Amino acid sequence: MKPMKIFLGVFLASVVLAGCSSTGKKGEGEEGAAAGAAGAGTSGYSGGAGGGLSGGAGAGGGGRYGVADLDNPQSPLYKKVVYFQYDSSEVAPEYVAVVAAHAEFLAANPGQHVTLEGHADERGSREYNVALGEGRGKSVANMLKLQGVSDAQIQVVSYGEEKPACMGHDDSCWQQNRRVEFAYPGH
Amino acid sequence: MEKIVRTWIAAGALALIGAMWPLHAGAELKIEITQGVERASPIAIAPFGAQGAQLPVDVADVISADLNRSGRFKAMDPDSMMSRPETPDQVRFKDWQLLGQDHLVIGQVRPAAGGYTVEFHLYDVLRGGEMVSYTIDSPAADLRRTAHRIADIVYQQLTGMPGAFATRIAYVTSAMGENGKRQYKVQVADADGFGPQTIVTSPEPLMSPSWSADGNKLAYVSFENKTSAIYTQTLATGQRQLVSSLPGINGAPAWAPDGSRLAVTLSKDGNAEVYVLNLQSKALLNVSNNRAIDTEPNWSPDGSSIVFTSDRGGKPQLYLAPASGGAAQRVTYEGEYNARGVFAPDGKSLAMVHGGGGGFRIAVLDLASKSLRVLTKGPLDESPSFASNGSMIMYASKVGSEGYLNAVSVDGSVQQRLSSETRDVREPAWSPL
């Protein structure tokens, strides 16, 4: 149970962090564009009341975040991508806050499901990259679970290098392609 | 002779079924030789006689293109020929000696019940004698394949190695569809790129086509249900079967030589492991047994062992394990990245993706001497697949936003590039037959 405490600590710290600045290192390509189209017009954090979840939230459902936050550029939940180092599935410190926000949302809304889509850059062989992408998805899934999200809410799917966010063959593209995306149904 | 005739009747029946596939033909692959052997042997393939009949295929042209593509022969332009013999009595060796040709092929295509009878003769021009002659019955729809078969026989006579011209390749394409969405396809074409047929189309990724040993089926990975699953599909009928859709990875199918089992990668128990899946009983046997990533299985030709990629040592390297289960042994030590190992048809060497430093290249490891030869330049080469005769390795490479298929001879001397209008072609799998 020790790891749990550590993670809660990190989590609290990260919420503060996230509150201070929502303009982290982000904004790469596809993700921003897709979410931006749907997210215009929503304001602020919706809080518990805004959490009218279509999936049927459990008792006390909602918590601090609501589904609207997924499409709200001001909300930590708007960030739905975690990036990784080459040949690594370790979640870097700068993304702990992103994962923590989603963990809080999911833990407070047990009816909400998420697919963690794992991806790899194009280097090396394709099926090995599928395994790498899955390792990344599982790392994020484990963090979510440590923060109270149930197994049943999470599905990990690895696409390996098959769905690049950036099509080039250089470091800057590869960096954007080594990622896990939080895919919420309908968002 | 009898054997060849029988084989071709069977192939013809298949081709007839093939003609009824409810499938779309795709863009053809174009093949160019980017490097040939220094002294390609000059050979003349005289236009085949047709006795006035209009043939659907220029048999001599197909044979010439096959032999040229091997890089080992230079087929003569028919316009430069002094004579065009169709029967043995019309052959004058002096003509061909004068033209500097080492060998000559002549032949005739005669209409027969249900198709054609093709007769051909191969001559040694310098000695002035016949080396071999055959008569082959060919169903009408199968004349092109018969031409490839003749190229196979000529190649074997002159090099001592069986040809692999009458084979096919499966591969994956990715392109933007008319609706602006990406579309993935598994296609099968003749080894010369002719007549591509689409086996399956999906808006989600398709991966890892693998041939059954009899050449009748493909296994592949499809994400069509937004998660990975392994399917097998009979080419002649299009009949498709879902063989694995467990939670997590369902990937890297590789058919056992006996056709009864698939080696696959599954992560149902938490991490990627190589399993042998019995297609009848559905029983699973874990052959990698390690907490690291284990994937990309490939069977030794005798079916006794399986090579796979594992990062149990920290970096991806190739390991060999008994197909019946047991301890795995590491087989690659040179370089920091060795993956997707595939056995040569004779089982004596492994081709792989070899990475480190500047990029990823195709290399071949001789299992007895442990010597590793790097055959390609990279930087993003992947998915090696041997021709059935072991002479060439096909692989995929990337340049800009395009993906190409390439072939390289195992001695590195001959290189080909196959390009397609589709622009992004990958994961070639060369058919065993």
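Residues numbered from 1 in each chain as written. Chains lettered and ligands numbered in written order. Predicted model: local features only at pLDDT ≥ 70, side-chain atom pairs only at ≥ 80, totals over all residues. Heavy atoms only, no water.

Description of the nonpolar core
Condition: Side-chain atoms within 4.5 Å link the members of a nonpolar core, which is a set of buried Ala, Val, Leu, Ile, Met, Phe, Trp, Tyr and Cys residues. When a residue's accessible area, from a 1.4 Å probe over protein chains only, is under 20% of the maximum for its type it is buried; when over 50% it is exposed; and in between it is partly exposed.
By size, the foremost hydrophobic cluster in this structure holds 37 residues, and its most contacted members are Leu262, Val264 and Ile393 of chain B. Residues Phe84, Ala103, Leu106 and Leu144 of chain A belong to the second largest nonpolar core, which totals 30 residues.

Quick look at unusual backbone geometry
Trans peptide bonds make up the majority, and among non-glycine residues the majority have a negative phi. Residues and elements named next belong to chain B. Rules: By definition, any uninterrupted DSSP run of H or I lasting at least four residues is a helix, any uninterrupted run of E lasting at least two residues is a strand, and each is numbered from the N terminus.
With omega at 5 degrees, the peptide bond leading from Gly378 into Pro379 counts as cis. Among the structural elements, Pro379 can be located in the loop between strand E25 (372-374) and strand E26 (382-386). One non-glycine residue, Asn289, adopts positive backbone phi at about 45 degrees. Among the structural elements, Asn289 can be located in the loop between strand E17 (284-286) and strand E18 (294-299).

Some details on empty space enclosed by the protein
Here is the rule: Cavity: a set of points on a 1 Å grid over the protein atoms alone where a 1.4 Å probe fits but cannot get out. Pocket: an open set with protein on both sides within 12 Å along at least five of seven lines, its lining residues, like those of a cavity, having an atom within 4 Å of a point. Grid points are joined across faces, edges and corners, and a volume is the space filled by probe spheres set on the points. Polar here means any residue other than Ala, Val, Leu, Ile, Met, Phe, Trp, Tyr, Cys and Pro, which are nonpolar, and Asp, Glu, Lys and Arg, which are charged; Gly is therefore polar.
Considering all chains together, one arrives at four cavities of 30 Å³ or more under this definition. Lining the largest cavity are 20 residues; nearest its centre among them are Ser70, Phe165, Met392, Gln416 and Trp430 of chain B. Of all elements in the fold, only helix H2 (59-69), strand E27 (392-399), strand E28 (402-409) and strand E29 (415-420) of chain B reach the threshold of two or more residues within the lining of the largest cavity. When grouped by side-chain class, the residues that make up the lining of the largest cavity number eleven nonpolar, six polar and three charged. Looking at the second largest cavity, the residues that line it are Tyr86, Asp87, Ala120, Asp121, Arg123, Tyr128, Asn129, Leu132, Arg136 and Arg178 of chain A together with Tyr337 of chain B. Ranked by the residues each element gives to the lining of the second largest cavity, the list is headed by helix H4 (residues 126-146) of chain A, at four residues. Residues that form the lining of the second largest cavity fall into these classes: five nonpolar, one polar and five charged.

Section: the confidence of the model for chain B
All names here are of chain B. Which entries qualify depends on this criterion: Scored from 0 to 100, pLDDT records how confident the predictor is in each individual residue. Pairs of residues are marked as contacts when any of their non-hydrogen atoms sit within 4.5 Å.
Looking at chain B as a whole, its pLDDT mean stands at 91, while 93% of the residues score no less than 70. Taken together, the stretch residues 1-25 has pLDDT below 50 and engages in 36 contacts with residues farther than four places along the chain or on a different chain. With pTM at 0.84, the complex prediction returns an ipTM value of 0.88.

Concerning the pairing of strand E8 (residues 182-190) of chain B
For a regular strand, the rule is simple: side chains alternate between the two faces of the sheet. All names here are of chain B. What counts, and what does not: One bridge is not enough; two strands pair if DSSP finds at least two bridges between them.
Direction of pairing for strand E7 (residues 168-176) relative to E8: antiparallel, over a ladder of nine bridges. Across the sheet, Arg168 pairs through a bridge with Asp190, a residue of E8. Across five bridges, the pairing between E8 and strand E9 (residues 197-202) is antiparallel. Note on E9: the bridge partner recorded for Val188 is Gln197. Here E8 hands over to E9 after six residues, with Gly193 in that stretch at a positive phi of 85 degrees.

A short note on the state of the cysteines
A covalent bond bridging the sulfur atoms of two cysteines is what the word disulfide describes. All names here are of chain A. Heads up, the condition is: Disulfide: a pair of cysteine sulfur atoms within 2.5 Å of each other.
Scanning all chains against the criterion turns up one disulfide over all chains. For Cys166, the disulfide goes to Cys173, at an S-S distance of 1.7 Å. Looking along the S-S bond of the Cys166-Cys173 disulfide, the torsion reads about -45 degrees, which is the left-handed sense. Of the two residues, Cys166 and Cys173, neither departs from the other in class, the shared state being buried.

Focus on the pairing of E27 of chain B
Residues and elements named next belong to chain B. For E27, a buried count of seven out of eight residues is recorded, marking the element as mostly surrounded by other parts of the structure. For E26 and E27, the ladder comprises three bridges, and the chain directions are antiparallel. By the bridge assignment, Ser385 is partnered in E27 with Met394. As defined by bridge partners, E27 adjoins E28 across eight bridges and the pair is classed as antiparallel. Paired with Met392 across the bridge in E28 is Ser409.

Observations concerning the sheet that holds strand E19 (residues 305-310) of chain B
We count it as follows: Whenever a helix is involved, its axis is fitted only over the stretch in contact; in every case the axis is a line through C-alpha atoms, and angles between N-to-C directions fall within 0 to 180 degrees.
Taken in spatial order, the four strands line up as E18-E19-E20-E21 (chain B) in an open sheet, and their pairing is antiparallel. A strand with exactly one partner marks an edge of an open sheet, and here the two such strands are E18 and strand E21 (329-330) of chain B. Note: strand E20 (residues 317-322) of chain B against E21 of chain B, two bridges, orientation antiparallel. By the bridge assignment for E21 of chain B, Leu320 of chain B is matched with Gln329 of chain B. Contacting E18 and E19 of chain B, H4 of chain A crosses the sheet at an angle of about 155 degrees to E18 of chain B.

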